[in-house]
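Single-letter residue listing:
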Amino acid sequence: MTSEDLAAVGLRLDIDGPVATVTLDRPDVRNAQTPAMWIALGEIGRTLPDDVRVVVVAGEGETFSAGLDRAMLDPSASLEAGQQSVVGLLALSDEDASARIEEFQRGFTWLRDPRFVSIAKVRGHAIGAGFQLALSCDLRVVADDAKFSMKESTLGLVPDLTGTKPLVEHVGYARALEICATARVVPAEEAVRIGLATASVPSDELDAAVADLAAALSAPMPGVVPETKALLQGAADRDLDEQRRLEREAQVRRFRAVAAALAG
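Presented here is a report on the structure given in the accompanying data block.

Calculation notes
- Residues numbered from 1 in each chain as written.
- Predicted model: local features only at pLDDT ≥ 70, side-chain atom pairs only at ≥ 80, totals over all residues.
- Heavy atoms only, no water.
- Helix = DSSP H or I, 4+ residues; strand = E, 2+ residues; numbered from the N terminus.
- Polar contact = N/O pair within 3.5 Å; in protein donor to acceptor, adjacent residues only side chain to side chain.
- Contact = heavy atoms within 4.5 Å.
- Phe/Tyr/Trp six-rings, centres within 6.5 Å; stacked < 30°, edge-to-face > 60°.
- Buried < 20%, exposed > 50% of the residue type's maximum accessible area, 1.4 Å probe, protein only.
- Pairing = 2+ DSSP bridges.
- Axes fitted to C-alpha atoms, helices over the stretch in contact; angles between N-to-C directions.

### A closer look at the side chain of Gln 243
Point 1. Mapped onto the elements of the fold, Gln 243 is located in helix α10 (residues 240-263).
Point 2. Among the polar contacts made by the side chain of Gln 243, one reaches the main-chain carbonyl oxygen of Leu 231 at a distance of 3.0 Å.
Point 3. Apart from residues no more than four positions distant in its own chain, Gln 243 is found in contact with Leu 231, Ala 235 and Arg 238.

Structural data, given as structure tokens:
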């Protein structure tokens, strides 16, 4: 997609060497999200250059994302050209509605790709879809004013943008249920304490903290971090023998890559 195409749905993509930054750029509505934005996010993931090693996801201004744009739930709202309302799902069969949501979910799942490490840079509110976008990233570095909330239950809905699995993985079933069912706010300090966030820093230090982390993640020899990420992603679901086998195979590949680099 061109920069103009991305701007039309409220996104910006900047690539600086091995680091790509995806910015939700609708600050006038606190970076509220739309189905068109989700589809464009999926396209960014599909076309991202192979030499990108770190992806940073951020929100323009003082809020990461206020979640779904409520206009998408209003059948009487006047939408911009090319926009799809979420209410429009009601006109579809169950099978077609599920397929459409699966298309939306691709805007979130690409951030788990082992080719790179993804970092959510969160200041202000990360609500609903915003919370789930942050959860889709490997790491979350947050400002000390960050606030997470899974608001779907207040709308009579469930989180459906791939946030439930990482939430349980990070905080456990009971805490995840409590956060989703009550729709309460999780502040930055608690987010770090319960494992939702990697670190919390003063708001005016957030940009520098994320830049330092991105530099550290892109410093190792190419291939090391993707191999490590792939090993860790499924480790909890594998038995020890399977994990040991995968470690051995990955290490043989790394030995050969290092030898080739030294020989070159």
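### Observations regarding the packing of aromatic side chains
Point 1. Taken as a whole and judged by the stated rule, the model has 4 aromatic pairs.
Point 2. Taken together, a centroid distance of 5.1 Å and an interplanar angle of 40 degrees make the contact between Phe 131 and Phe 148 tilted. With a gap of 17 residues between them, Phe 131 in helix α4 (residues 129-136) and Phe 148 in strand β7 (residues 147-149) connect regions that are remote in the sequence.
Point 3. Within the aromatic cluster, the residues linked to one another by ring pairs are Trp 38, Phe 104 and Phe 108.

### Comments concerning the environment of Trp 110
Point 1. Tracing the sequence through the fold places Trp 110 in the loop between α3 (94-109) and β4 (117-122).
Point 2. Overall, the relative accessible area of 9% leaves Trp 110 in the buried class.
Point 3. Taking the C-alpha atoms as reference points, Trp 110 and Cys 137, separated by 27 residues in sequence, lie 9.2 Å from one another.
Point 4. If sequence neighbours within four positions are ignored, Trp 110 has contacts with Val 22, Leu 41, Gly 42, Ile 44, Gly 45, Leu 48, Val 55 and Phe 116.

### Comments concerning the sheet that holds strand β8 (residues 186-187)
Point 1. Across the sheet, 3 strands lie side by side as β5-β7-β8; this open sheet has mixed pairing. Two strands bound the open sheet, and with one partner strand each, they are β5 (125-127) and β8.
Point 2. Relative to β8, β7 is paired through 2 bridges, and the arrangement is antiparallel. Looking at β8, one finds that Lys 147 is bridged to Pro 187.
Point 3. Packing against the sheet, α4 makes contact with β5 and β7, and its axis sits at approximately 95 degrees to β5.

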